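Summary of the model geometry
One letter stands for each residue in the lines below.
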Amino acid sequence: MASAVYLFGTRDYDEVTITDVCARAKVSKRYFYEHFRDREALAIEVQRERNEWLLRRVAAAAPPSPAGLAELFRPVLRTMVGLLRDNPETAHVIYINAPRMETRRRGVLREDARFVAVMLRSLITPEDQVRYERTLLALVAGVSEVIIDWITHGMTGDPDELAEHLTTIAVALAETLQPGGGLQPGGGL
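Residues numbered from 1 in each chain as written. Predicted model: local features only at pLDDT ≥ 70, side-chain atom pairs only at ≥ 80, totals over all residues. Heavy atoms only, no water.

Digging into unusual backbone geometry
Here Lys26, not a glycine, exhibits a phi torsion of approximately 60 degrees, which is positive. Classification of Lys26 as exposed rests on a relative accessible area of 76%. In this structure, Met155 is a non-glycine residue whose phi angle is positive, near 55 degrees. (Buried < 20%, exposed > 50% of the residue type's maximum accessible area, 1.4 Å probe, protein only.)

Shown next, in the form of structure tokens:
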């Protein structure tokens, strides 16, 4: 797995072969096939494991009883941006190579939206579950796209500034879910 994280984290998905993974891990192809059906199965498992690693650490950064949306999102997004900056291979695996597996990417976005819903449960009680789920999916997808842009541009700029921008985006979308928020059924913001 460590070899696959490194290879998928430093190369494009299409450039990584099973032979590369086996050579770096110093294992035989037979050993590889005892654990994985093919390269895609390995990539999916690597992406899943790295995303779970990230979400565990992000969850640990969430305050237990936030007073508001900004108090919840700010430490969570600062932690996420910092972890991605400090672990560029993981960032590449989750945000650059995973989108090449579009069906898996959509599933991950839905998993991440459910994760955000759990974090928000003490602050927001959804009035319309469908609207709530769609808004959280838009929030997660939007944050992901900004992070993808940041990663593909060399992770340049102040990470705290990026985290603050992401916090502003997350709070703005989440505020639409509160009673009297800006998002109205059948309308827009």
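Quick word on the layout of surface pockets
By volume, the largest pocket is sized at about 230 Å³. Around the largest pocket, the lining is made up of 13 residues, and of these Ala113, Arg114, Ala117, Glu133 and Leu136 lie nearest the centre. For the lining of the largest pocket, the secondary-structure elements that each account for two or more residues are helix H7 (102–120) and helix H8 (129–152). Per-element tally for the lining of the largest pocket: the top contributor is H8, with six residues. Residue composition of the lining of the largest pocket, grouped by class: seven nonpolar, one polar and five charged. Met1, Ser3, Ala4, Val21, Cys22, Ala25, Val27, Tyr31, Phe32, His35, Phe36 and Leu42 are the residues that line the second largest pocket. Elements that contribute at least two residues to the lining of the second largest pocket include exactly helix H1 (2–10), helix H2 (18–25) and helix H3 (29–35). (1 Å grid on protein atoms, 1.4 Å probe; cavity = no way out; pocket = protein on both sides within 12 Å on 5 of 7 lines; lining within 4 Å. Points joined across faces, edges and corners; volume = space filled by probe spheres on them. Helix = DSSP H or I, 4+ residues; strand = E, 2+ residues; numbered from the N terminus. Nonpolar A, V, L, I, M, F, W, Y, C, P; charged D, E, K, R; others polar.)

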